[in-house]
Amino acid sequence: MRFDELDLSDSILDALDEMGFHDCTPIQEQAIPKVLEGNDLIAVAQTGTGKTAAYLLPVIDLLYTLPEPENHINCIVMAPTRELAQQIDRQLEGLAYYLPLSSVAVYGGTDGKVFAQQEHAIRSGADIVIATPGRLLAHMQMGYVDLSKVAYFILDEADRMLDMGFYDDIMRIVNKLPNERQTLMFSATMPEAIRRLAGQVLRPERAEVRIAPSRPASGIRQSAVKCDEGEKERVLRWLLKERHSNRVIVFTASKSTAKDLARTLKRSGIKAADIHSDKEQSERDEVMIDFRANRLDVLVATDILARGIDIDDIAMVVNYDVPHEAEDYVHRIGRTARAGQEGEAVTFVGPRDRRRFALIEKFLGKPVPELEGIEVRNSGDSADGSRRRDDRRGGGRGDNRGRDNRGGNRSKGPRKPQGSRTADDARKSSPKPGDGPALKPAAAEGSVVSSPDGSTPSANPSDGSNRPSGNGQPRKKRRYNHHGKRGSKPSDGV
């Protein structure tokens, strides 16, 4: 379906045409008419399917054709991370370019000046507020946030917000909203927790849209390396040397692994940096700026931030740890081969990850081929790749403990008490003259200790762009700037 077949205003269609977007994605085709009809909606679709435009287009159309009270907040869009909030804000700027709507992105990790700018926008009644839960609550606690006129409440990536522990924050915000509102919930997955949340914030007669999980883009060359934990670092070094030395994202399962790996790569002379929720927002921003500017070659990121990374021209994605869900795997490797380009995705599969990776292959409907060109020795595997017995357990064919050279059992003499030493033992262990102190064997160089624990437009409006967010200032009415002239046109990368 084309956008001009939907009941959208001419101003919105002009903006879409300006950006070169003509055809709807499946989520847009199904969701936009239901939202325009005034229904509450729960939609299940992966990131990258155009879901941001699926809710922004009908909501800004309704705000324009059915004007809400001026100088009041009319729409709240909740996002789990600052990065996603910025992406939504940039896309909104392009889609609403020809509409007299104002908006502001409200998120943490900023200084007092930006906080004051956010406060001014909220007090002035920005039409649309795009916010992370924690920062919106911080403003609400100051006493100047009026949510009594909110007509549209949108939860984007609701499952990720619950994963990050935002349930209580979301409910505190919901309790301040009017009962007469339209609520839209978008999620990549539909666990039981999401259904319970939908029952609390959506009306019973809500509409539901479910888009089947997409498969990886055809331009992604997928491969896997079956290796031990201790081999992963060596394989990664080989990949960075032989395949791609820059524009690489490495995903890890934990923050500690990301920190250790980035530190080790930097010691090896590789321009790498880690990004995860332990870093201050200013640090995360600096890392992303450096990576986009090619001052960094490798970005080591945790899975919880995978959805917040929107960068084109990524050459290779490495799954240092196998993701827990197949949808997360598709989303991770989807960072490469964007906008019809090609890319590579390599997954390291440890002994404990085999079963989980098999489920991912089942989801994909085909096996992921093993990476060629590198030899990896797996524990429990013989040199020819066949499975061997664990020598430590004894009883194996290669186990010679308790046997003499002829294969017979050695006679066992009386055992010495544990910890006892004979004079002969003392002579054998005493250092000879001139011997230095005993040294412990050094750890292998570059070893890592395992932890237990932008922009070429796509065929449709996507979840990100390269437009600046305005440093938190409320965007002026779209028709004119402060000089009384029409502002600059939106970039075609929105």
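Because the structure is a prediction, the values reported are computed rather than measured.

How each quantity is defined
- Residues numbered from 1 in each chain as written.
- Predicted model: local features only at pLDDT ≥ 70, side-chain atom pairs only at ≥ 80, totals over all residues.
- Heavy atoms only, no water.
- Helix = DSSP H or I, 4+ residues; strand = E, 2+ residues; numbered from the N terminus.
- Buried < 20%, exposed > 50% of the residue type's maximum accessible area, 1.4 Å probe, protein only.
- Salt bridge = Lys/Arg side-chain N within 4 Å of Asp/Glu carboxyl O.
- Pairing = 2+ DSSP bridges.
- Axes fitted to C-alpha atoms, helices over the stretch in contact; angles between N-to-C directions.
- Contact = heavy atoms within 4.5 Å.
- Polar contact = N/O pair within 3.5 Å; in protein donor to acceptor, adjacent residues only side chain to side chain.
- Phe/Tyr/Trp six-rings, centres within 6.5 Å; stacked < 30°, edge-to-face > 60°.
- Expected span 1.5 Å × (residues − 1).
- Core = buried A, V, L, I, M, F, W, Y, C linked by side-chain atoms within 4.5 Å.
- Arc of directions from axis to C-beta.
- Parallel < 35°, antiparallel > 145°, perpendicular 65-115°, else oblique.
- Left-handed = near helix turned anticlockwise from the far one by under 90°.
- Nonpolar A, V, L, I, M, F, W, Y, C, P; charged D, E, K, R; others polar.
- pLDDT = per-residue confidence, 0-100.

So, on to the overall build of the protein chain. Each helix and strand in the protein chain was counted, giving 15 helices and 13 strands. Counting the 494 residues in the protein chain, one finds 51% classified as buried.

Another aspect to go through is the environment of N294. Structurally, N294 can be placed in the loop between α12 (281–292) and β11 (298–302). Residue N294 is classed as partly exposed on the basis of its relative accessible area of 44%. Considered as a pair, N294 and N246 are 48 residues apart in the sequence and their alpha carbons are 8.1 Å apart.

A word on the pattern of salt bridges. In total, this model carries 24 salt bridges according to the counting rule given. One salt bridge connects R263 with D260, and the closest N-O pair in it is separated by 2.9 Å. Taken together, the residues R263 and D260, both in helix α11 (residues 255–267) and 3 residues apart, mark about one turn of the helix.

Moving on: the sheet that holds strand β4 (residues 128–131). Sheets are built from strands that pair by backbone hydrogen bonding, the pairs being arranged parallel or antiparallel. In space, the 7 strands of this open sheet follow the order β3-β4-β2-β5-β6-β1-β7, with parallel pairing throughout. The open sheet has two edge strands, β3 (103–106) and β7 (207–210), and neither has a second partner. Taking the axes of each pair of neighbouring strands and ignoring which way they run, one obtains an average angle of 10° across the sheet. Sheet topology note: the strand β1 (residues 41–44)/strand β6 (residues 182–187) ladder contains 4 bridges and is parallel. Within β6, the position partnered with A43 by the bridge is F186. Helix α3 (residues 51–65) rests against β2 (75–78), β4, β5 (152–155) and β6 of the sheet, and its axis sits at about 165° to β6.

Okay, the sheet that holds β11 next. A sheet is described by the order of its strands in space; here 6 strands give the open sequence β8-β13-β12-β9-β11-β10, paired in parallel fashion. Here the strands that pair on one side only, and so sit at the sheet edges, are β8 (220–226) and β10 (272–275). Strand after strand, the sheet turns through a mean of 20° between neighbouring axes, direction not considered. Of the pairings in the sheet, the one linking β8 to strand β13 (residues 343–349) comprises 7 bridges and is parallel in character.

The next thing to look at is the side chain of H244. Along the chain, H244 turns up in the loop between α10 (229–242) and β9 (248–252). Separated by 3.2 Å, the side chains of H244 and E344 make a polar contact. Sequence-distant contacts of H244, defined by excluding residues within four places in its chain, comprise R221, L239, A315, M316 and E344.

What follows covers the pairing of β6. Across the 6 residues that make up β6, a large majority, 6, are buried. Both faces of β6 are covered, namely the face carrying Q182, L184 and F186 and the face carrying T183, M185 and S187. Two strands pair when backbone bridges link them, and β5 and β6 are joined in this way by 4 bridges, in the parallel orientation. If you follow Y152 over to β6, its bridge partner there is Q182.

So, about the environment of L265. By secondary structure assignment, the location of L265 is in helix α11. In the structure, L265 is positioned 29 residues away from L236 in sequence and 9.6 Å away in space, judged by C-alpha atoms. With sequence-adjacent residues up to four places away left out, L265 is seen in contact with L236, L240, I270, A272, V298 and V300.

Our focus in this paragraph is the packing of aromatic side chains. The final tally for this structure, using the stated rule, is 4 aromatic pairs. Judged by centre distance (4.6 Å) and plane angle (75°), the rings of Y97 and Y98 are edge-to-face. Where Y329 meets F357, the ring centres are 6.4 Å apart and the plane angle is 75°; that geometry is what we call edge-to-face. Of the two residues, Y329 sits in helix α13 (residues 326–333) while F357 sits in helix α14 (residues 354–364), which places them 28 residues apart along the sequence. Both residues of the pair, Y329 and F357, count as buried.

In this model α10 runs 21 Å from its N-terminal to its C-terminal C-alpha over 14 residues, within 8% of the 20 Å that 1.5 Å per residue would give. Turning to α10, its buried residues are E231, K232, E233, V235, L236, L239 and L240. Those residues of α10 that are buried are in contact with β8, β9, α11, β11, β12 (316–319) and β13.

Right, let's talk about the nonpolar core for a bit. One finds L16, L41 and I60 to be the most contacted residues of the largest nonpolar core, which totals 48 residues. Among the nonpolar cores identified, the runner-up in size contains 37 residues, and I73, V106, V145 and F153 belong to it.

This next bit is on helix α9 (residues 192–201). Each α-helix turn comprises 3.6 residues. Residues three or four places apart therefore point the same way. For α9, the set of buried residues is I194, L197, A198 and V201. Projected onto a plane normal to the axis of α9, the buried residues spread over an arc of 105° and lie on a single side. Considering only its buried residues, α9 is in contact with β1, β5, α7 (158–163), α8 (167–174) and β6.

On to the packing of helix α2 (residues 26–36) against α3. Running from amino to carboxyl end, α2 crosses α3 at an angle of 25°, the nearest separation of the two axes being 9 Å. The orientation of α2 with respect to α3, classified from their angle, is roughly parallel. α3 is crossed by α2, and the crossing has right-handed handedness. Between α2 and α3, the contacting residues are I27, Q28, A31, I32, V35 and L36 on the first element and K51, A53, A54, L57, P58, V59, D61 and L62 on the second. Of the residues assigned to the contact of α2 with α3, the class counts are 11 nonpolar, 1 polar and 2 charged.

Here we take up the confidence of the model for the protein chain. Averaged over all residues, the pLDDT of the protein chain is 80; the fraction at 70 or higher stands at 74%. Note that residues 380–460 has pLDDT below 50 and, in this model, 69 contacts with residues that lie over four places away or in other chains. pLDDT under 50 marks residues 462–470. Its contacts with residues more than four places away, or in other chains, come to 36 contacts.

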